[in-house]
Structures are given as structure tokens and as C-alpha cells.
Amino acid sequence: MNTTRRSFLKLMGVSAVGLSLGQLGFDLAEAQAYASKLKIEGAKEVGSVCPFCSVCCQIIAYVRNGKLVSTEGDPDFPVNEGALCAKGAALFSMYTNPHRLTKPLYRAPFSDKWVEKDWDWTLNQIARRVKDTRDKDMVLKNEKGQTVNRVDTLFMMGTSHASNEECAVIHQAIRSLGMVQMDHQARV
Amino acid sequence: MTNHWIDIKNSDAVLIIGSNAAEHHPVAFKWVMRAKENGAVLMHVDPKFSRTSARCDFHVPLRSGTDIPFLGGMINYILEKELFFKEYVFNYTNFAFVVGKDYEFNDGLFSGYDPKTRKYDQSKWAFEKGPDGGPVIDETLKNERCVFNLMKKHYSRYTLKTVSDVTGVSEENLLRVYDAFCATGKPDKAGTILYALGWTQHTVGVQNIRASSLIQLLLGNIGIAGGGINALRGEPNVQGSTDHGLLYSSLPGYHNLPVSTWQTLADYNKANTPVTTVKNSANWWSNRPKYVASLLKGWYGDAATPENDFCYEYLPKLEPGEDCSYMYVMDKMYHGKIKGGFIFGVNPMNSFSNTNKMRAALDKLDWLVCSELHNSETTDNWKRPGVDPKTKKTEVFLLPSAHRIEKAGTISNSGRWLQWFDKAVEPGGQARNFADIFVPLVNKIRDLYRKEGGILPDPLLKMHWTEKFDPEEWTRRINGFFWADTKVGDKEYKRGQLVPAFAQLKDDGSTSSLNWIYAGSFTEEAGNKSKKRDASQTPMQANIGLFPNWSWCWPVNRRILYNRASVDLNGKPFNPKRAVIEWDGSKWIGDVPDGPWPPMADKEKGKLPFIMTKDGQAQFYGTGRVDGPFPEHYEPAETPLDSHPFSKQLSSPVYKFHTSDMDQMAKAADPNYPYVLTTYSLTEHWCGGGETRNVPNLLETEPQLYIEMSHELAKEKGINNGDGVIVESARGRVEAIAMVTVRIRPFTILGKTVHLVGMPFAYGWTTPKCGDSTNRLTVGAYDPNTTIPESKACLVNLRKADKLTEIA
Amino acid sequence: MPKAFLVDTTRCTACRGCQLACKEWHDLPANATKQRGSHQNPPDLNPNNLKIVRFNERMTKEGVVVWNFFPDQCRHCITPVCVDVADMAVPGAMIKDKKTGAVLATEKSAKLSPADAKAVAEACPYNIPRIDPKTKRITKCDMCFDRVSAGMQPICVKTCPTGTMVFGEREEVLAVAQKRLAFAKERFPKAHLVDMEDVSVIYLLAEEKEHYYEYAGFM
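Values in this document were obtained by computation on a predicted structure and should not be read as measured data.

### Quick word on the domain arrangement of chain B
Residue and element names in this part refer to chain B.
Next up, step 1: One can read the domain layout of chain B as domain 1 (5-231), domain 2 (249-319 + 481-518), domain 3 (326-459) and domain 4 (656-800).
Next up, step 2: Each of domain 3 and domain 4 has a C-alpha centre, and these two points are 27 Å apart.
Next up, step 3: The interface of domain 3 with domain 4 comprises 27 residues on the first partner and 32 residues on the second.
Next up, step 4: Here domain 3 and domain 4 share an interface that buries about 2,200 Å² over both sides, 52% of which is from carbon and sulfur atoms.

If you want it as C-alpha cells, here you go:
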């Protein structure tokens, strides 16, 4: 194959044939057709942050009619200056991938399948289980008679994917429930 | 990070060790390359030659789990050759503190060890106390129990030969790194250490980092531009989630969760508030009671009063020494002691060590609530390969969660910058952000308590909560409010107005803040500073890449921590070419200094730079870690050696582990498991891969589980590149595709060949035919300070596979 | 003014930001791939990957490991042979935009007979064009012609974190290339710029092209 290429270039290259019509760029209509397809044109720019590592590259989300059109690095952010890695560059297809969960699902004990449920039913069920477990297992005093007000049979794991505001909500909720078993990826 | 991403460019020597920065923080490598452009030497010390090594001046292969000998050798080299930065060490560290007579170190054990409990009595390591209870300091260093002398003695054992024998690094390569890095012990030179999970995921994880602190303090590299100890934090908001204390033993803002022996707030404050006798120590943690009272005020609002200890009683209290970290929770779960709980945005059934045990443990739950973007090995554990769902009792609620781009709020990057993000689009389908799950859930539970009554309803019913989650309202709560009209200087604040900074927080109930380190991020005067997008700088700031007006950074917008250590006693920068702060005679210019006080030459008002330590000095010797005041080499819990030359103590005497039937371990130098396995992530996948395996374009680049091994080992085992391989440890069996490479080489350890193999942990069975959790192999042995498992080093055996079932 | 790229491989970390960004910008679907004992995936350019990073590792005689990365893409030749060959069969199938120097495979490339399309592909000294079996079109890097025409950088260049990729007016890029070459030579005596006079995408290699990829350079 290499020989073929070499001979072609010799044959067809600058010295042998000179410039063909194509080389002169005659077909501007074709080129313009290419250029007219800028997909982010007119889209609203919204500032966000890449959801992967703690470099926290800032990104621009291009949104049209409430739909995400494209994502790119934010060139003004002093840390990433518009750059992204493979993961950051793939954010658009991450948001649009076909495996995304879209509805609350429920798996009953010993069942072999998921069943779709609505939010209200789901949260009511969870609230019931949390309260029943808390009421049953709350330890008000330890063996020494010291007040401990804790539940040892409930746990929370997660998450560094949460925003600071979500973390604040989660921490307050967990401690007010009396839970001590809380952990997340800082320890992974 | 003590410093921040851009600051890496100010370095003269970049030592990447325990991190694969180019692969796991690819965009950060922009700044590493910028340092290179400025003439820096780049070094990568790591078991495997990676994409990071490819761009460094040189790569030094190191046997996994031998960072302490490597660093200990450097400490010895610095001390022997007197390469340390004397002015810095003499003025800013505890080098001359005298250690008490109970401290001893004999053949790998520090004093105070109890083999029955596998614990040290740390009080044996205490400093000598003067008549006032303060430290005894001997600046002449005549006392052989001075920290400096003890350190010298301790590391004199870390000779080039011994270090080389244990690490597998040639003496020539050791010297190459030591020479290049120790050249930064000069006032006008800066060296940075970049580390990540390659250090933390060991039974000596914390001591790896301690060892780097010793080096950086000796070389005067803390507080300066281009210096520091920089943890390249992994997860998207792991800096913020750590700051907000999503950890069993923490309250937001780096306070301990109460234990049962601290029954009152006064007990708590007494146990957690250090007192110093050193006059010019700022001892910043003496302010802790103000921060804790303000946190409680934030949680309990008007219900929290000085009279009721700000509802301190409501807080759950642990038993002293009780470990509720995830490996302990999973062990309790395995033993049927846990009924239900939440797993949000994390995939333990793939990314936790000893996954087979994790999976069996999860089966024991009555109910489980998950919130995820995709089905994962955790959400679908009940139907994992080889189990019959009809035998699994756990009820599972799976809640669709929102992407970052579908919500608004702040995150904190590794350099502690608080960055606001807007909501670009509505959550897909019925997905919700985590707070829009927790707020209504808690409100439903509150309603049930109101309706039905129940045990201890007050912590829930009396808290300062919300009906509906508004992210920016919580950004404000995190910053904090005045709860009473207050005058600060000549400015008056009304109840309900934002506090301007943590200096204004009080312990009398007049202020709240859900996290004191973030106080000042959202103020009446400047609004929400996380939204700031102003690139303006003074020339001094521009010189070192400081962007003080872009976003905001904790604490008080200080971009480089401990920056008072970058100047001499008169406030003049050690390196004027890369000045961080400077005293202009009446005030500091440059970065926000570590406190407003004048330089130390002012004997009355000047303060020592290490303001978070009790006595203001950086600590070469510290009594706070449970495994010793100095880092010492111990082999990983599973080691290919049966002895090592540093001591008779083969592995850490205090590392934690479990003893269930599923916690098997190989014995030392086990012939059944002769190879060292190290595990890692890779650029194209995110940790356990739960998100990225579901992105087809990313899966295309790294589609299946592989095992990297040397040509020598492959030849020995009759394995060709691309062959299927079975890998086994004492805990599990995993299939992978062989990647036979020159990038992994056999090590010569104490004259014997030791092979190391490496595997990513990004693959799991919910993505068809890509392989399943590598962590089925890794060990349940943990750092005694943090309980982080030793996922970076365990023992395995391997063979060519006749047939693969997990990969196709 | 014609444009040019510099691809300074001495800075590349193979993060594959460019490879992914290219795919995303062009809305290209994923291929089903397998692990074959290499990080290079997909193994070659194809209609769904107009840019891939090639990996090449070896141990030198001195026992030093070298791992070279080569982000491969169309060179947008100054005198593109592909255009000449295509012109003989279907004029306008391959064009060169005068303003930017971008070499583009147009919709008309679908009209090339299989033999002609093959001839176009094989004429390329850099082994770039691929034929889409579905649309029959020739596929290759289009210099993000839409972006460049709108005054933006190609997405691969914008995405590159390490400064490996530079894009701009040819004269400016040549100046940067010479500067980078001088810097690289301090460490890599064999560093050179590949086929600089003939291409718009100029690679800076640290050593012989054989240590990157067979078609890394022509001359």
C-alpha cells in the first residue's frame, strides 16, 4: 500500500500535474453548504461544571427550546481555559444516553423485576420504613445510661456527586434522624 | 490541595507520586506542562509507566506499598546532606520541641503498643511539658529527644541500599529523584508533590502523606507558590462533600461528631478546643465553640438557645472509638445488624474492596433506597449473575437522579474554589436532584411524627428546615445569618442578614452557619461570590496565577494555605520572584494572608504561620495519628515478602481488618498468590464506571476489563497479548484480557523477582460482556486512621483462561 | 488566509479529549469495540471516528520505556492528492476550500464508484479517508469547517488540555511550530516537524515517525 501511495503522489502531486480545478477551490457552494450547519447557532449559553474529577472544569451548555444541543469547555475559566478530557468532552452523549433512569422503580421482596411507581407512592413507602425502623431501634441511652439518641440499624452512603447545598441538606436530615452510619467516596 | 491547580505552573520540581495525574486529572496536566515550559523537572514515581510517565522527564517504577521507604530515604538524604531550608525549619516548625521520656521506638514498634487490642496508647508519645504546661523547646538541639534529633535517628535507617532493596528502585534512580527534588530546599525554589488514591488506599495511607509533609517542611515548600502537598481530589465534589462532613464521625466544617462521653456542649467544647501557652500562636481552633454553636443554630434555629445547649442533646452520639465507616457498616450488614438505608450516587457493589462480601452483605437488608442515573451493580444486586432473585428478600426503591447540568448550586474544586453552576435543562424524565428527594422525604417523615407521634420526634420537628428546596437559599444558609441585630465595627446588621465572615460567628446564639469555612462566601455586600467571573488581578497576583476575583475560595478567599510561611520574619517573601504575600510596612499585599496580624518580627502582635496547629508550628512529630508519630515502613497487609530489613514488624501493627468467613487473606509470601495486584481507574471511565460505561462513546475507547502485565510474566505464564486471563485472590476470581506491556516490569526485591500486575476497576456486570468488578480480588485491610481499604496492593495468582464467561 | 494546525506530540498525554470531542461535535455513533491488548480503541480511523489517538510503546536498548501518542487526523494537504484523484471521476466529490485550506469530502463523494472511492482513499499518503459503507460517502476530518467558518476553533483544538494542538493562521502557526521545535530539541535531539511545507496539519515528533505510526509522515 505504501508503494501505491508513493507512486500516486509522484504521479499526481504538485510537480507532475499541477493544480487541478479542485485544488483551486472552485466549488464554493459545497464549502458554504458545509459551513451553514453550525449546530449551536442561536442557542442559549448556560454555565455549568463538568461532573467528574475535582479539577471542576467549567463548561458551557448550549440549550435551544429547553433541549441540550451541545456542551463545550468554558474558555474564560482560568483553570481549564476551554479544555476538557475525554469524559468532559463526552458530556453531551452522557446526558442523552439511552440507559438513563427516568422513573422511580420498585423491586418487591423476592421479585425478579422492576415495577414503575410514582414519586408520591415511593416517598410515602420510604418514609414509612424509615420511621418504623427509627421508632423501633432508636437508642436513647447506652448501657452506661448516657444519652446517645442514635439509630444503629439505618445507614446512608453518598455522595460526592452532590452539590454543597445538597450535602448540607443530607447531613442535616441524617443527623436529625439520629443516624450515625454515614459515609461517602471521600473514603473510597 | 494546600495550593490550587494553576499554581502547579510555579513549580521547579513536580513530583507525581501516588497519582496518575495525566490520566485522572487530565486537564490539571495543562499546568504541569506549563511548569515544564517554565523549566521544571517532572518526575513520576509509580508501579506502572502510564500516560503521566510518558510526559515526565523520567519515570521511576516503585513496588506498590513502598512509598514510605522511598520518602523516608529522601528524608534521610535531606538530613544527612543538610539540604533543608534552615530559616524555615528553625522558625516555623516544631523541630526543637522536646519529646517526653515515654516515647520510644524499637524494632518497628512505637511505645505504648498493646498487641491484644492492636492499639497504641498515644499518650506515651506526648511532648515534654514545661511548668506552664506548654512545650519545652531546645533550640540548641543538644537534647537528644528534640524532634529534629529523633527524626534524624529514625530515618538514618532508611539508607539508599535498604530503600532500594525494599522498593525495587535502583539506587541510581533514587538519587535522581532525591537530587532533583531536594534542590528545591533553596529559598528561591519550589517543589510540589501531587498525590491521589495511590497514597490513601494503603494500610499506611495517612503515613504516606505524613512522610511527604516531613519532606515539604524540611524543604520549606509549604505555603509558597509552586509548593505544597496537593491531594488531587478525585470525585466531582469530594472536596465539598468532605467539607460538609458526609462522614460518620464528622459534623460539617471539620468538627467531630459527639461521642457518648461528651454529654453536654461544654463537655464537647472542652474535649475539642485546644489551648496553647505559646503567646504568638493563633491556635485558630480555639474558635471552635463559635463554629459549633453557629452550626447548631443553623440546624435548629429559634429552638436552639444558650439555655438548651443549642439542642446539642438532639445530636446522635457514638461510642468512643466506634467505627461506622462504610467497610464497618458493610460488615455489620453482612452479619444482619442493619435493616435499611440509602445508597445515593455511589456504587459499592463494584467499587468497594472485597466486593463478593459486599454483594452478599447487601442481600441481608430488608430495604434499600438507591438514587442513580443508571442501573448499577448496586441497584440491581438482587439479580446479579449466579443468583436467583426469588431468594433475595431486599425491597429496593430506585430513584432517578438528576445530572449536574440539570441542577443549580455550588461545588468546591480541589483547590477549594467555590464554583456556581446554573441549571441548563430540566431533569430528564422524572429525575430529581438529591435534595428534591431528601426534602420531601423528610417532610413526609415529619408529617408521620406529627400525626402518629413516635420516639424522639423533636430533632426532626424542631429543626430549621424547608418545605421546598431552593439551592441558593441553602448557599446562604451555609454562609450563615445573624439571628439578632448586631453591630460589626460601625456597620449594623439586622436579624436575618448574612454574616460577612467567620470572624463574626459567635457562640451565644446570635449567628448561624452550616459550615464556618464557607462563611464569607455569600454576603450582603458582595452577593453570591461563587458566581464571580472577574479575571482581574494585581501584577503580583498575575505573576503567580492567582485569580482572587474569580469565584471564591475557602477560607476567606485564601488561595494558598499557610502562606505566612512563604515570608521571613519581616514579612518579606523568601522568593521575591514568586511572592505570594508581602508585608508593605502597614499591610499585607498579594494573596489573603493566614490572618491579619503583622509579621513575626512584631513580637507582640506577630503570629506563627501554622495557625491550625495548637502551638502555631508545623509538626515533624505529631501525636494525633493512631499508628505513630513518625511514618515507618510496614509491608501491605498482603505482601510478597516474609520479612523486610527495617524491622521485625512485617505489616502495620495497627491496621484494621475484618474476620468474617468472607474476609480471607493470603499469608505473607504466599506461594498460592505470588503476584502483587494494584488497581486503578482510567481516563475514559469514571471510577467504578457506573456512569461512563453507559456512555457509548466512552465505552468505545475502553470497552473491557484488562490486566496489564510485563512481557516477562506473560512469557512465564504462556499468555499472549489479548488472551483471556483468570485472576484469583484469596477472596475472588475475575476474568480480564491480557495487556502485555513494557510499561510494567518485574521488580527485584531483596534479590528476588517480584511481579506486579495492574487492573482498572471500572467494569461491572450491568454493562454486558465487559467484565465484572476487579474489587472482588482486593483486600479487606484498612488504614487505621481513615479505614480506607488497601485497594492498591494485594496478592493474586493468574493463568491463561480456557474460556471466558464475563467477557465476550 | 489558509489555516494550519500544530500537533506537538511532545505535549500529548493521550487523554483523548480530541478523539471524543470530534465524535461528539460531529454526532457520530459509537462502534462496538473489544479490548485487544491495547489502549488504542477503536483500532483505526473509521466513518465514526475521524480522529483517533494512536499509541506506540517500546523499551529502548538503554532500558528506557517510551510511549508515544499520535492524535491522527487528515493533514489537509496544501496540494491534496485525494482531490485530484476524485476530480478525475466525480468533480466536486473532494474539494479544497480556498479560504481556510480545508480539504472536504462532499455529499458528491457518495457518487464515486467503489473503485474510484478506493482510489481516492489509497491515494492519501497518510492513510486517512475511509468509506462509509452505509452512505457510500468518503469520511475524514473536515477541520470543523462549520466552526472555523464561524470564526471558532476546531473542537479538537479547543478541547486539548495540554497545548498539544494549536490552530490559526498558517504563518502564525509556523512560527509557533519553530519555537516548539527548538524547545523540544533540547530534550529530543531527533525532534522534527513533519512534512511542514506540504500539509496544514503539522506534527512535531520527538523521534523517527516509525516510533509513532507507519503513516505519521510521508517524506
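### Comments concerning the pattern of salt bridges
Residues and elements named next belong to chain B.
Next up, step 1: The final tally for this structure, using the stated rule, is 78 salt bridges over all chains.
Next up, step 2: With its nearest N and O atoms 4.0 Å apart, the salt bridge here joins arginine 476 to glutamate 473. Here arginine 476 pairs with glutamate 473, and both are found in helix α19 (residues 471-479), just three residues apart, close to one helical turn.
Next up, step 3: When its relative accessible area of 28% is taken as the criterion, arginine 476 is described as partly exposed.
Next up, step 4: Among the residues examined, glutamate 473 registers a relative accessible area of 26% and is labelled partly exposed.
Next up, step 5: The closest approach of N and O atoms between arginine 477 and glutamate 473, which form a salt bridge, is 3.4 Å.

### Quick word on helix α13 (residues 288-300) of chain B
Next up, step 1: A rise of 1.5 Å per residue sets the reference length of α13(B), with its 13 residues, at 18 Å; its end C-alpha atoms lie 18 Å apart and thus fit the reference within 8%.
Next up, step 2: Within α13(B), 12 of the 13 residues are buried, which leaves the element mostly enclosed by the surrounding structure.
Next up, step 3: Looking only at α13(B), the buried set comprises Arg288(B), Pro289(B), Tyr291(B), Val292(B), Ala293(B), Ser294(B), Leu295(B), Leu296(B), Lys297(B), Gly298(B), Trp299(B) and Tyr300(B).
Next up, step 4: Considering only its buried residues, α13(B) is in contact with α7 (164-176) of chain A together with β10 (250-251), β11 (255-256), α12 (265-272) and α18 (458-461) of chain B.
Next up, step 5: A positive backbone phi angle near 50 degrees is found at Gly301(B), which sits one or two residues after α13(B).

### Some remarks on the sheet that holds strand β21 (residues 552-553) of chain B
Next up, step 1: Ordered by their spatial adjacency, three strands build an open sheet running β15-β16-β21 (chain B), and the pairing between neighbours is antiparallel. The sheet is open, and its two borders are formed by β15 (409-412) and β21 of chain B, each paired with just one other strand.
Next up, step 2: Pairing of strand β16 (residues 417-421) of chain B with β21(B) involves two bridges; the strand directions are antiparallel. Its bridge partner lying in β21(B), Leu418(B) is registered against Trp552(B).
Next up, step 3: Sheet contacts for α7(A): β15 and β16 of chain B; angle to β15(B), the most-contacted strand, approximately 95 degrees.

### Notes on the sheet that holds strand β5 (residues 115-116) of chain A
Next up, step 1: The strand order across the open sheet formed by seven strands is β5(A)-β4(A)-β14(B)-β13(B)-β12(B)-β8(A)-β9(A), and the pairing between neighbours is mixed. Strands at the two margins of the open sheet, each flanked by one partner only, are β5 and β9 (182-183) of chain A.
Next up, step 2: As paired elements, strand β4 (residues 105-107) of chain A and β5(A) share two bridges and run antiparallel to each other. Each bridged residue has a counterpart across the sheet, and for Leu105(A) the counterpart in β5(A) is Glu116(A).
Next up, step 3: Contacting β4 and β8 (154-157) of chain A together with β12 (340-344), β13 (367-372) and β14 (395-400) of chain B, helix α6 (residues 119-137) of chain A runs over the sheet at an angle of about 130 degrees to β14(B).

### Considerations on the packing of α7(A) against α19(B)
Next up, step 1: Packing of α7(A) against α19(B) brings their axes to within 9 Å, and their N-to-C directions diverge by 70 degrees. As summarised for this structure, α7(A) and α19(B) are arranged roughly perpendicular, according to the angle between their axes. Each of Asn164(A), Glu165(A), Ala168(A), Val169(A) and Gln172(A) in α7(A) lies in contact with α19(B), whose residues at this interface are Pro471(B), Trp474(B), Thr475(B) and Ile478(B).
Next up, step 2: Its residues assigned to classes, the contact of α7(A) with α19(B) shows five nonpolar, three polar and one charged.

### Some thoughts on the interface of chain A and chain B
Next up, step 1: With 116 residues of chain A at the interface, the matching set in chain B holds 164 residues.
Next up, step 2: Both faces combined, the contact of chain A with chain B buries some 12,300 Å², and carbon together with sulfur accounts for 62% of it.
Next up, step 3: Together, Trp119(A), Met157(A) and Arg187(A) form the three largest contributors to the area buried by chain A at its contact with chain B, with a combined 7%.
Next up, step 4: Connecting chain A to chain B are 13 salt bridges.
Next up, step 5: Put simply, Arg533(B) and Asp76(A) hold a salt bridge, and the shortest N to O gap is 3.7 Å.
Next up, step 6: Across the contact surface, chain A and chain B share 81 residue pairs in polar contact (both at pLDDT 80 or more).
Next up, step 7: With 18 residues, α6(A) is the single largest residue contributor to the side of chain A that touches chain B.

### A word on the pairing of β16(B)
Put simply, side chains in a regular strand alternate between the two faces of the sheet.
Residues and elements named next belong to chain B.
Next up, step 1: With five of five residues buried, β16 is to be regarded as a mostly interior element.
Next up, step 2: Both faces of β16 are covered, namely the face carrying Trp417, Gln419 and Phe421 and the face carrying Leu418 and Trp420.
Next up, step 3: Counting the residues that bridge the hairpin from β15 to β16 gives four residues, and of these arginine 416 lies at a positive phi of roughly 70 degrees.

### Thoughts on the confidence of the model for chain C
Next up, step 1: With 100% of its residues at a pLDDT of 70 or more, chain C shows a mean pLDDT of 97.
Next up, step 2: What the predictor reports for the complex is a pTM of 0.96 with an ipTM of 0.98.

### Re the packing of aromatic side chains
Next up, step 1: With the rule as written, the count across this model stands at 63 aromatic pairs over all chains.
Next up, step 2: For the pair Phe90(B) and Phe95(B), a centre-to-centre distance of 4.7 Å together with 5 degrees between the ring planes defines the contact as stacked.
Next up, step 3: The class for Phe95(B) is buried, based on a relative accessible area of 2%.
Next up, step 4: The interplanar angle of 35 degrees and the centroid separation of 5.8 Å between the aromatic rings of Phe344(B) and Phe434(B) together place this pair among those described as tilted. One end of the pair, Phe344(B), is in strand β12; the other, Phe434(B), is in the loop between β16 and α17 (435-452), and 90 residues separate them in sequence. For the pair Phe344(B) and Phe434(B), a shared accessibility class is recorded, and that class is buried.
Next up, step 5: Here Lys131(A) stacks its cationic end above the ring of Tyr449(B), 4.5 Å away from the centre of that ring.
Next up, step 6: Sitting over the face of the ring of Phe84(B), Lys86(B) holds its NZ or CZ atom 5.1 Å from the ring centroid.

### Things to note about the state of the cysteines
Structurally, a disulfide amounts to a covalent bond that connects the sulfur atoms of two cysteines.
All names here are of chain C.
Next up, step 1: The final tally for this structure, using the stated rule, is zero disulfides over all chains.
Next up, step 2: Between cysteine 18, a free cysteine, and cysteine 156, which holds the nearest cysteine sulfur, the sulfur-to-sulfur gap is 6.4 Å.
Next up, step 3: With a relative accessible area of 10%, cysteine 18 lands in the buried category.
Next up, step 4: Free cysteine: cysteine 77, not disulfide-bonded; nearest cysteine sulfur from cysteine 124 at 6.2 Å.

### Focus: unusual backbone geometry
Next up, step 1: Cis geometry marks the peptide bond from Gly158(A) to Thr159(A); its omega dihedral reads -15 degrees.
Next up, step 2: Structurally, the position occupied by Thr159(A) is in the loop between β8 and α7.
Next up, step 3: Even without glycine at this site, Leu141(B) takes up a positive phi of about 65 degrees.
Next up, step 4: Position of Leu141(B) relative to the elements: it lies in the loop between β7 (119-120) and α6 (147-155).
Next up, step 5: The backbone phi angle of Tyr562(B) is positive, close to 60 degrees, even though this residue is not glycine.

### Things to note about the nonpolar core
Next up, step 1: In this structure, Ile126(A), Met156(A), Phe342(B), Phe344(B) and Phe438(B) are the most contacted members of the largest nonpolar core, which totals 84 residues.
Next up, step 2: In terms of residue count, α17(B) provides more of this core than any other element does, nine residues in total.
Next up, step 3: Here Phe438(B) is in contact with Met156(A), Val169(A), Ile170(A), Ala173(A), Ile174(A), Phe342(B), Phe344(B) and Trp465(B), once residues within four sequence places are set aside.
Next up, step 4: Core analysis: the next-biggest nonpolar cluster, separate from the first, contains 75 residues, Ile75(B), Phe97(B), Ala565(B) and Tyr621(B) among them.

Definitions and limits used
Residues numbered from 1 in each chain as written. Chains lettered and ligands numbered in written order. Predicted model: local features only at pLDDT ≥ 70, side-chain atom pairs only at ≥ 80, totals over all residues. Heavy atoms only, no water. Domains from an automatic or database assignment. Contact = heavy atoms within 4.5 Å. Buried area = accessible area lost by both parts, 1.4 Å probe. Salt bridge = Lys/Arg side-chain N within 4 Å of Asp/Glu carboxyl O. Helix = DSSP H or I, 4+ residues; strand = E, 2+ residues; numbered from the N terminus. Buried < 20%, exposed > 50% of the residue type's maximum accessible area, 1.4 Å probe, protein only. Expected span 1.5 Å × (residues − 1). Pairing = 2+ DSSP bridges. Axes fitted to C-alpha atoms, helices over the stretch in contact; angles between N-to-C directions. Parallel < 35°, antiparallel > 145°, perpendicular 65-115°, else oblique. Nonpolar A, V, L, I, M, F, W, Y, C, P; charged D, E, K, R; others polar. Polar contact = N/O pair within 3.5 Å; in protein donor to acceptor, adjacent residues only side chain to side chain. pLDDT = per-residue confidence, 0-100. Phe/Tyr/Trp six-rings, centres within 6.5 Å; stacked < 30°, edge-to-face > 60°. Lys NZ or Arg CZ within 6 Å of the ring centre and 35° of its normal. Disulfide = S-S within 2.5 Å. Core = buried A, V, L, I, M, F, W, Y, C linked by side-chain atoms within 4.5 Å.

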